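Below are the chains, spelled out letter by letter.
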Amino acid sequence: MFNYLSAEIYKVVRRPPLWVCLAAIFAGEVLLLYIEKISSSAVMNFAQGVIFVPRLLMVGFLAAFLISDLVYSNQGKTGTLKNEVAFGLTRLQIYLGKLCSMWVVSIAAVVVVLALYLVPCYFLLDHRAGVMEAMWGLGASLLAALPLWLGAQATCCALCFATRSEGLVWTLSIGIFLAGSTIVNIAVALLGLGPFGPLCEFLVHMTSWLPDSLCQVLFLIPEFNWEGRYPELVRISVDIIQQCWIVGAFWVFVPTLLSLSNFYRKEIH
Amino acid sequence: MRDDKAVLVTYNLTRTYGAVKALDNVTLTVHKGDIYGLVGRNGAGKTTLLRLISGQSIPTSGDLELFGTAGHGAFKHRNRTGVIIETPSFYPYLTARENLEYYRMQRGLPGKGLVEEALERVHLEDTGKKKFKSFSLGMKQRLGLALALMNRPDFLLLDEPINGLDPEGVAEFRTLMKELNRDHGTTILISSHILTELASIATSYGFLDQGKLLEEITAEALHEKCRTCLLASVDNAPKAATILETALDTNSYDVLPGNVLQIYAFLDAPQKVSAALSQGGVALYSLEQKGMDLENYFLQLIGGEQHV
C-alpha cells in the first residue's frame, strides 16, 4: 500500500490543477487576511479570525470532488487501470489505494490551507481574550467536519470507479453534498401538494442528517459578539460530533461497498 | 529454448458477452521458452484471450494456470509478466519518464535505473519533457513495450505489438524478442496480424477462429506440414488413399476436407500419381504442386480465402 500511495502522490503533485487551486485558495486567503487586517481592530482580532474558518467548511466538499478527480485522473477513459490489473494488483488493492491516496492528499491539503491562513492571522491580527476558546471551537468543528469530508471523498471515489463520465461524478457529488438539503426541501414542497404527509415528515427529519445541513450547523455555532469583545461561542455538542461521524461513516462504507462489488466484476479496458 | 514446463495452461476457457461466445472452451499450453504465436482473424478472440490471462476480464467458465498456479492464486504471478494489450495507455499529462517512474514506484520495483534502461531499450530516452498526449502512435507503442519490459518479466503477453512501428522499429522489435528469448529465457505469447513477422520468430502457434482453438502446433511441425506437396483433387478421397498405399507404396500424404489429398512423395514424378489414380478408377480433377506459408496454412485451416 505504501508503494501505491507514493506513486499516487508522485502523480498528483505533477498535475497543474492542484497547484492552480492551491494558488487560488492562497490568493483568497491573502484577500481575506487583508480585509481582516484593515477592519477595525475593535471588531477584528485573532480569535475572530479563527472562528471564521468553520464558515468555510463546505469548501471541503468541493476540495473532495477536485482531489478525487486529480487522483483518479479519469482512468476509465485513459485506460490506465489495465496496467495496474495486468501487473497483478488486486482490484481491492487498486480501489483502496486510490481511496487512501485521496484521503492523504485531502488531509495534507487541509493542513496546508489552514496553516497558510492561521499562521499569518497569528502574526497580523491583535490577540485578545478568547483565543483558546476559539481554537477549541475550531478544533471541534474540524473534528465534526472530518468524517463528512472523508465520506464525500469516498462517495466521489465510488462514483469515479462506477462511471466514465466526469460530468456525472461532479453532478451527483454536488447534488448529494452541497445541495442535498435543498433538493429534499424542494421535494417536500412538491410532495406536500399531494397526500404524502408521512413521507414529507420523514424527509424533513432526514434533512438534518444530510452532510450540507450538518456543515451549516457547525458553522453557525460560533457567534460573534458585536460589541467588539471576544466572541461568545456556543460549544459544539458531543451529540453533533457523533452525528457527523455516523453520517460520515455511512457515506464512507455504503458507496465504497457498492462500488467495490461492481468493480470486482467489471471489464477493464 | 523450449522447456517442458508450462508457463501458461488454459482449461476450457470461455468468455461470453450476452449471447455471443467470444471465447469457446479454449485449452492451450505455452511452454517455458516458447515464442507462441496466436493467429486468428479480426474478432477471433485473440485479444479476449489475452485479456483473460492478464486479469482485465473474468472468465465465464474454465480456468487458467500461470506458472503452475491455478485459479485465484494465479494473480500472484502476474508480477512476473509484462503485458501490451490493445493501445498502450498512460497518463497524458506525464512524460515518458514520469509515466514509467510512476509504475516503477507503484510496483515497488527497486532502482531508478530500471526506467532509464527500459527507455533506452525502446529508444525513447530522448523524449525529454514531451507529454504522452503528444506522442505518435509508434512512440506510444514503444512506451508500452518499455513498461512491459521494465520489471524484467519471465512471460510477455503482446497483442499486436508492432502496430504503428516503422520498418526500422519492426526490425528492432524482432531482434529484441529473439534476444529476450535466447539470452534471458523469456517466454512470449504474441498475437499479430502480420503473419510474416510472426513466422520469423514464433516457435509454436495457436490458431483461433470464432472463439475456438482450431489447432496448436510447433514451428517444426508446421514447417513439415507446409512443405512442398502435390495437391490432388479427386472424386473419392478414401479410394485414392488406398491406391496410394497399395499401388504406390506410400503413406506420406494427408486427406483434407473436400476430397483433396496432400501428397508429399513423388514430387519429381507427379505423372506416376495421376497414372495410378486413373488406373484405380479414381477421377482426378486437378493435380498441382504447392508449398504453403503460414498465411495459406491458416486460411486452409479456417476453410476459405478470407482475409486474416
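Residues numbered from 1 in each chain as written. Chains lettered and ligands numbered in written order. Predicted model: local features only at pLDDT ≥ 70, side-chain atom pairs only at ≥ 80, totals over all residues. Heavy atoms only, no water.

**Here we look at the environment of Asp154(B)**
All names here are of chain B.
Point 1. Within the fold, Asp154 resides in the loop between helix 4 (137–150) and strand 8 (155–159).
Point 2. Asp154 gets classed as partly exposed once you look at its relative accessible area, which sits at 33%.
Point 3. Spatially, the C-alpha atoms of Asp154 and Pro270 are 49 Å apart, while their sequence positions differ by 116 residues.
Point 4. The contacts of Asp154, once residues within four sequence positions are left out, are Phe67, Arg80, Gly185, Thr186 and Thr187. (Helix = DSSP H or I, 4+ residues; strand = E, 2+ residues; numbered from the N terminus. Buried < 20%, exposed > 50% of the residue type's maximum accessible area, 1.4 Å probe, protein only. Contact = heavy atoms within 4.5 Å.)

**Let's talk about the pattern of salt bridges**
Point 1. Taken as a whole and judged by the stated rule, the model has 19 salt bridges over all chains.
Point 2. Close ionic contact of Glu8(A) with Lys98(A) constitutes a salt bridge, the shortest N to O distance being 2.9 Å. In this pair, Glu8(A) is assigned in helix 1 (residues 2–12) and Lys98(A) in helix 7 (residues 91–124), connecting sequence segments 90 residues apart. Assigned by exposure class, Glu8(A) and Lys98(A) land together as buried.
Point 3. Among the salt bridges present, the one from Arg15(B) reaches Glu267(A), with a minimum N-O distance of 2.4 Å. Here Arg15(B) is found in strand 1 (residues 6–17), whereas its partner Glu267(A) is found in the segment after helix 13 (238–265) on a different chain. (Salt bridge = Lys/Arg side-chain N within 4 Å of Asp/Glu carboxyl O.)

**Let's talk about the packing of aromatic side chains**
Any aromatic ring pair is given by two values, namely how distant the centres are and how the planes are angled relative to each other.
All names here are of chain B.
Point 1. Under the defined criterion, the tally for this structure stands at 20 aromatic pairs over all chains.
Point 2. Aromatic side chains Tyr91 and Tyr93 sit 5.8 Å apart centroid to centroid with 40 degrees between the ring planes, which places their arrangement in the tilted category.
Point 3. Its relative accessible area of 12% is what places Tyr93 among the buried residues.
Point 4. Measuring from ring centre to ring centre gives 6.1 Å for Tyr205 and Phe207, while their planes differ by 20 degrees; the resulting arrangement is stacked. With respect to class, Tyr205 is no different from Phe207; both count as buried.
Point 5. Here the aromatic residues Phe90, Tyr91, Tyr93, Tyr102, Tyr103, Phe132 and Phe135 are joined through ring pairs into a cluster of three or more.
Point 6. In this structure, Lys140 packs its charged tip against the face of Phe132, placed 5.4 Å from the ring centre. (Phe/Tyr/Trp six-rings, centres within 6.5 Å; stacked < 30°, edge-to-face > 60°. Lys NZ or Arg CZ within 6 Å of the ring centre and 35° of its normal.)

**Examining the interface of chain A and chain B**
Point 1. Taken together, the contact between chain A and chain B spans 31 residues of the former and 33 residues of the latter.
Point 2. Both faces combined, the contact of chain A with chain B buries some 2,700 Å², and carbon together with sulfur accounts for 58% of it.
Point 3. Between chain A and chain B we count three salt bridges in total.
Point 4. Notably, a salt bridge pairs Arg51(B) with Glu267(A), separated by 2.6 Å at the nearest N-O pair.
Point 5. Summed over the shared surface of chain A and chain B, the number is 19 residue pairs in polar contact (both at pLDDT 80 or more). (Buried area = accessible area lost by both parts, 1.4 Å probe. Polar contact = N/O pair within 3.5 Å; in protein donor to acceptor, adjacent residues only side chain to side chain.)

**What about the domain arrangement of chain B?**
Point 1. Entries for chain B in the domain assignment read domain 1 (6–219) and domain 2 (227–291).
Point 2. On a C-alpha basis, the centroid separation for the pair domain 1 of chain B and domain 2 of chain B is 43 Å. (Domains from an automatic or database assignment.)

**With respect to the pairing of strand 5 (residues 61–66) of chain B**
All names here are of chain B.
Point 1. Of the strand pairs in this sheet, strand 1 and strand 5 are connected by five bridges, and their pairing is antiparallel. Considered in strand 5, the bridge of Tyr11 is made with Asp63.
Point 2. Judged from the two bridges that link them, strand 5 and strand 6 (residues 69–70) form a sheet pairing that is antiparallel. Paired with Glu65 across the two strands is Ala70, which belongs to strand 6.
Point 3. Connecting the antiparallel pair strand 5 and strand 6 is a turn made up of two residues, with Phe67 showing a positive phi of about 50 degrees. (Pairing = 2+ DSSP bridges.)

**A closer look at the pairing of strand 4 (residues 35–40) of chain B**
Residue and element names in this part refer to chain B.
Point 1. Taking burial as the measure, the six residues of strand 4 include six buried ones, the bulk of the element.
Point 2. Burial along strand 4 is two-sided: Ile35, Gly37 and Val39 facing one way and Tyr36, Leu38 and Gly40 facing the other are all buried.
Point 3. Pairing geometry for strand 4 and strand 9 (residues 187–191), over four bridges, is parallel. Its bridge partner being in strand 9, Ile35 is matched across the sheet by Ile188.
Point 4. Here strand 4 runs beside strand 10 (residues 204–209); their pairing, made up of five bridges, is parallel. Looking across to strand 10, one finds that Gly37 is bridged to Tyr205.

**Thoughts on the confidence of the model for chain A**
All names here are of chain A.
Point 1. When pLDDT is averaged along chain A, the result is 84; 91% of the residues meet or exceed 70.
Point 2. The spread of mean pLDDT over the elements of chain A runs between strand 1 (residues 222–223), the lowest at 50, and helix 1, the highest at 94.
Point 3. This stretch, residues 224–231, has a pLDDT under 50; its non-local contacts, to residues over four places away or in other chains, come to 18 contacts. (pLDDT = per-residue confidence, 0-100.)

**Overview of the sheet that holds strand 12 (residues 229–234) of chain B**
All names here are of chain B.
Point 1. Pairing within the open sheet is antiparallel, and its four strands lie in the order 13-14-12-15. Sheet topology places strand 13 (253–256) and strand 15 (284–290) at the edges, where each strand pairs with a single neighbour. Within this sheet the neighbouring strands show an average axis-to-axis angle of 20 degrees, counted without direction.
Point 2. Pairing of strand 12 with strand 14 (residues 260–263), which is carried by four bridges, proceeds in the antiparallel orientation. (Axes fitted to C-alpha atoms, helices over the stretch in contact; angles between N-to-C directions.)

**Looking at the nonpolar core**
Nonpolar side chains tend toward joint burial in soluble globular proteins.
Point 1. In this structure, Leu100(B), Leu143(B), Leu145(B), Met150(B), Leu158(B), Met177(B) and Tyr205(B) are the most contacted members of the largest nonpolar core, which totals 58 residues.
Point 2. Among the elements that make up this core, the one with the highest residue count is helix 4 of chain B (eight residues).
Point 3. In terms of nonpolar packing, the next biggest core, distinct from the first, is built from 38 residues, Leu125(A), Phe177(A), Ile236(A) and Cys244(A) among them. (Core = buried A, V, L, I, M, F, W, Y, C linked by side-chain atoms within 4.5 Å.)

**Some points on the sheet that holds strand 8 of chain B**
Adjacent strands of a sheet pair through backbone hydrogen bonds, lying either parallel or antiparallel.
All names here are of chain B.
Point 1. Spatial strand order, 7-8-9-4-10-11: six strands in an open sheet with mixed pairing. Whereas interior strands pair on both sides, the edge strands pair on one side only; in this sheet they are strand 7 (81–84) and strand 11 (212–218). Pairs of neighbouring strands in the sheet enclose a mean axial angle of 15 degrees, with direction left out of account.
Point 2. Its contacts with the sheet put helix 10 (residues 294–302) on strand 4, strand 10 and strand 11, and the angle it makes with strand 10 is roughly 40 degrees.

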